[in-house]
Amino acid sequence: MVNVPGPSAQVPARWSKVAPLLGLVFVVLVAASAIITNTPNTSNSPASILRYYTDHHDRVIVGVFLIAPAVVVGLAWFAYLRSWLQRADVHERWGALTFAGGVLFAVTGGLAGGTLFALTDTPKNLTASTAAALNFLQGSLPGVMASMALGVMAIAAGIAMIKSSALPAGLGWFSVVVGVLGALPVGNFFALPAIGIWTLILVGVMWFRPDPEGRLAAL
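Here the structure is a predicted model, which means the values were calculated and not measured. (Residues numbered from 1 in each chain as written. Predicted model: local features only at pLDDT ≥ 70, side-chain atom pairs only at ≥ 80, totals over all residues. Heavy atoms only, no water.)

Thoughts on the overall build of the protein chain
Across its full length, the protein chain carries eight helices and zero strands. Reading the secondary structure of the protein chain in the N-to-C direction produces α-α-α-α-α-α-α-α. Across the 219 residues of the protein chain, 43% fall into the buried class. Once local pairs closer than 6 in sequence are excluded, the contacts in the protein chain between residues at least 24 apart make up 78%. Here the protein chain displays about 10,900 Å² of accessible surface, and carbon together with sulfur accounts for 71% of that area. (Helix = DSSP H or I, 4+ residues; strand = E, 2+ residues; numbered from the N terminus. Buried < 20%, exposed > 50% of the residue type's maximum accessible area, 1.4 Å probe, protein only. Contact = heavy atoms within 4.5 Å. Areas by Shrake-Rupley, 256 points an atom, 1.4 Å probe, with all protein chains shown as cover.)

Side note on a nonpolar patch on the surface
A surface patch of nonpolar side chains, about 570 Å² in accessible area, is lined by Leu21, Leu24, Val28, Leu200, Trp207 and Phe208. Secondary structure elements with two or more residues in the nonpolar patch: helix 2 (20–37) and helix 8 (191–208). (Patch = residues over 30% accessible without salt bridge, like charges linked within 9 Å, V, L, I, M, F, W, Y side chains within 5 Å. Salt bridge = Lys/Arg side-chain N within 4 Å of Asp/Glu carboxyl O.)

Regarding the packing of aromatic side chains
Following the criterion strictly, the structure yields four aromatic pairs and no others. Positioned over the ring face of phenylalanine 99 is arginine 82, at 4.5 Å from the centre of the ring. (Phe/Tyr/Trp six-rings, centres within 6.5 Å; stacked < 30°, edge-to-face > 60°. Lys NZ or Arg CZ within 6 Å of the ring centre and 35° of its normal.)

Here we look at the confidence of the model for the protein chain
Confidence in the prediction for the protein chain averages 82 pLDDT; 88% of positions are at 70 or higher. Mean pLDDT across the elements of the protein chain bottoms out in helix 1 (residues 7–18) (55) and peaks in helix 7 (residues 169–183) (90). The low-confidence segment residues 1–11, where pLDDT is below 50, has two contacts with residues more than four positions distant or belonging to other chains. (pLDDT = per-residue confidence, 0-100.)

A few points about the packing of helix 4 (residues 57–85) against helix 5 (residues 92–121)
The description of two helices packed together rests on the angle between their axes and the distance between the axes. Contact pair helix 4 / helix 5: the axes reach a minimum separation of 9 Å and the direction vectors enclose 170°. Accordingly, the angle class assigned to the pair helix 4 and helix 5 is roughly antiparallel. Here the contact of helix 4 with helix 5 is built from residues that sort into 17 nonpolar, eight polar and two charged. (Axes fitted to C-alpha atoms, helices over the stretch in contact; angles between N-to-C directions. Parallel < 35°, antiparallel > 145°, perpendicular 65-115°, else oblique. Nonpolar A, V, L, I, M, F, W, Y, C, P; charged D, E, K, R; others polar.)

As structure tokens, then:
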């Protein structure tokens, strides 16, 4: 007699194929928001900064409204990544630390979105000096926080992969190197694109490498 898997057995298998796409959607939303907003350089004059946010109000608002879904999808993605990293031969602290880095990155997105919204809510009521100050925060604070988030996420995830016999150790060493570079003082210059590239690599690995232990639960 052939045993046919029931619905409960089929759902985790389907979820293990759908869930990695959360990472792809997360990267697309973050990249789209960054490209659309394209905020002025912090070295620009206060008058030119204020003029940018006045002239590009609608464009920046679209970028701001992409941040909220990016944060929601990103948290779901990092929660899934935590489950994917928690193996029988790996202490759960590494998956938890990876998710903590994801939460820190979500906070980064919230701060960036709030600052941008303050700049575009009523730009006609902003002074040039206020616009310059908010733009300086927008240009510096998210980068530093993204650097810290990348360091926590990539190092913790990398250690989990190195320790597990069921996960790709080579990707683990790559993650550790990326995390260390991200945590360095100059890491904020490449943290955001590094998070995107690192996430896309993980998405590809998860898509083509099914869970070897069958530990992933349904949504």
